Amino acid sequence: MIIQLQQNISTTNKELLHKKLQELKVKAADIVTQNNQYIIGILSKEIDVRVIGEIEGVQDVFRVNDSYKLVSSKWKVDYTTIDLGDGVTIGGNNFALMAGPCSIENEQQIESVVACLKKNHVKIMRGGVYKPRSSPYAFRGLGIEGLKMFYNICKANGIKIITEVMQVSQIDEMVDFIDIFQVGARNTQNFNLLDALGKVDKPVMIKRGISGSIDELLQSAEYVFAAGNEKILLCERGIRTFENAYRNTFDINAIPILKEKSHLPVIADPSHGIGIRKHVSKIALASRIAGADGVIVEIHDEPEKAFSDGAQTLSFNEFELLVQQFKLLEQPMNILN
Ligand code: PEP
Ligand code: MN
């Protein structure tokens, strides 16, 4: 059960509410986010929710029996939109394209990607400075100095940044230089990290775990929300299955299912989803048709020379073609909706 409170609920009424919940044997958790207050109630038996709804300061009461609640569409009918400022929003009717290299490598590379994004009117650049790599000997990113260089160039060009945070201690040093924190597939269930990201006033995109279920992804999102941050994006990036003809099995089904289960925007990552450059654009377009609110793709001026994930990275020409294809899809999308 979600009890949505009025912002100005008095301490006396909140205490009264807690007392009532105790009487009804409802286990209660207070949730205070940047804009709202809620109480999550775990019921031990069915109750008449009207006795709670009647208490002054209670805005609404919703029955949500799923393991995730605040991220569920069962209580919030409107889709969440994420506002990055300067007119850049994700969700609702704003399809978002995010593109950039797997790893930030040097100034020249950032500048060339920024120029490509600007040419194609793309407002959000991706690029890792902390890279989770399967081998400890692979390139692991330029770290905070790389992020500052990334930030300075993007700031000067009006481009927003999404980049991965791998551990709690990196949040504070990164927060002023990013627009969206990315939680990588290997960290989807790093609950300490999710809790800590609930305390920051920046959006968080959570990728689906390598072998993670849809419910587990939603519960990870619930961690961030319950810790105080409502600005969350969900990302399908493929999962590990028995199939080894491609890098991961991109689960296109997850897109409409996530959109049905949650009010949060859903982003598709076809680059990691299939892992094969020549097929990335097809999966990107399919994701849009399946209802994704945005797509994040890896691009590079010379994909063959990329420090990481070159095999799934689009060249600028390939990306430009994809942008045009997305435009051509707008008209048929109106028929599908
Ligand atoms: C990435 O975005 O480069 C990345 C490492 O992604 P994932 O966590 O999905 O593997
Ligand atoms: Mn990558």
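If you're wondering where the values come from, they're calculated on a predicted model, not measured in any experiment. (Residues numbered from 1 in each chain as written. Chains lettered and ligands numbered in written order. Predicted model: local features only at pLDDT ≥ 70, side-chain atom pairs only at ≥ 80, totals over all residues. Heavy atoms only, no water.)

(A) Structural detail: the coordination of the manganese ion (ligand 2). Coordination of the manganese ion (ligand 2) by the protein is provided by C102 (SG), H272 (NE2), E298 (OE) and D309 (OD), with metal-donor distances spanning 2.0 to 2.4 Å. Counting along the primary sequence, the residues that act as donors to the manganese ion (ligand 2) give the motif C-x169-H-x25-E-x10-D. Of this pair, H272 sits in helix α9 (residues 270-274) while E298 sits in strand β14 (residues 294-298), and the two are 26 residues apart along the sequence. Across this residue pair, the class does not change: H272 and E298 are buried. (Donors = N, O, S within 2.8 Å, 3.2 Å for Na, K, Ca; no water. Helix = DSSP H or I, 4+ residues; strand = E, 2+ residues; numbered from the N terminus. Buried < 20%, exposed > 50% of the residue type's maximum accessible area, 1.4 Å probe, protein only.)

(B) Quick look at the packing of helix α3 (residues 107-119) against helix α11 (residues 316-336). The interhelical angle for the contact between α3 and α11, taken along N-to-C directions, is 25 degrees, at an axis separation of 11 Å. On the basis of their axis angle, the class for α3 and α11 is roughly parallel. In terms of crossing hand, the pair formed by α3 and α11 is right-handed. On α11, the residues touching S112, V113, C116, L117 and K119 of α3 are F316, F319 and E320. Tallied by class, the residues present in the contact of α3 with α11 amount to five nonpolar, one polar and two charged. (Axes fitted to C-alpha atoms, helices over the stretch in contact; angles between N-to-C directions. Parallel < 35°, antiparallel > 145°, perpendicular 65-115°, else oblique. Left-handed = near helix turned anticlockwise from the far one by under 90°. Contact = heavy atoms within 4.5 Å. Nonpolar A, V, L, I, M, F, W, Y, C, P; charged D, E, K, R; others polar.)

(C) Expanded view of the packing of aromatic side chains. Using the criterion set out here, one finds seven aromatic pairs in the structure. Measuring from ring centre to ring centre gives 4.9 Å for F139 and F307, while their planes differ by 85 degrees; the resulting arrangement is edge-to-face. Separated by 168 residues along the polypeptide, F139 in the loop between β8 (124-126) and α4 (143-157) and F307 in the loop between β14 and α11 bring together distant segments of the chain. The interplanar angle of 75 degrees and the centroid separation of 5.2 Å between the aromatic rings of Y151 and F177 together place this pair among those described as edge-to-face. Residue Y151 is found in helix α4, and its partner F177 is found in the loop between α5 (168-174) and β10 (180-183); the two are separated by 26 residues along the sequence. For Y151, a relative accessible area of 23% corresponds to the partly exposed category. Through pairs of rings, three or more aromatic residues link up here, namely Y38, F62, W75 and F225. Geometry around Y79 places K259 over its ring, the cationic atom sitting 4.1 Å from the centre. The ring of F95 is capped by R288, whose NZ or CZ atom sits 4.3 Å from the centre of that ring. (Phe/Tyr/Trp six-rings, centres within 6.5 Å; stacked < 30°, edge-to-face > 60°. Lys NZ or Arg CZ within 6 Å of the ring centre and 35° of its normal.)

(D) Summary view of α11. End to end, α11 covers 29 Å across 21 residues, agreeing with the expected 30 Å (1.5 Å per residue, within 8%). The largest bend in α11 is about 40 degrees, located at E330, with the proline P332 one to four residues further on. Taken together, the buried positions of α11 are occupied by F316, F319, E320, L322, V323, F326, L329 and M333. (Expected span 1.5 Å × (residues − 1). Bend = angle between axes of the 7 residues up to and from the residue.)

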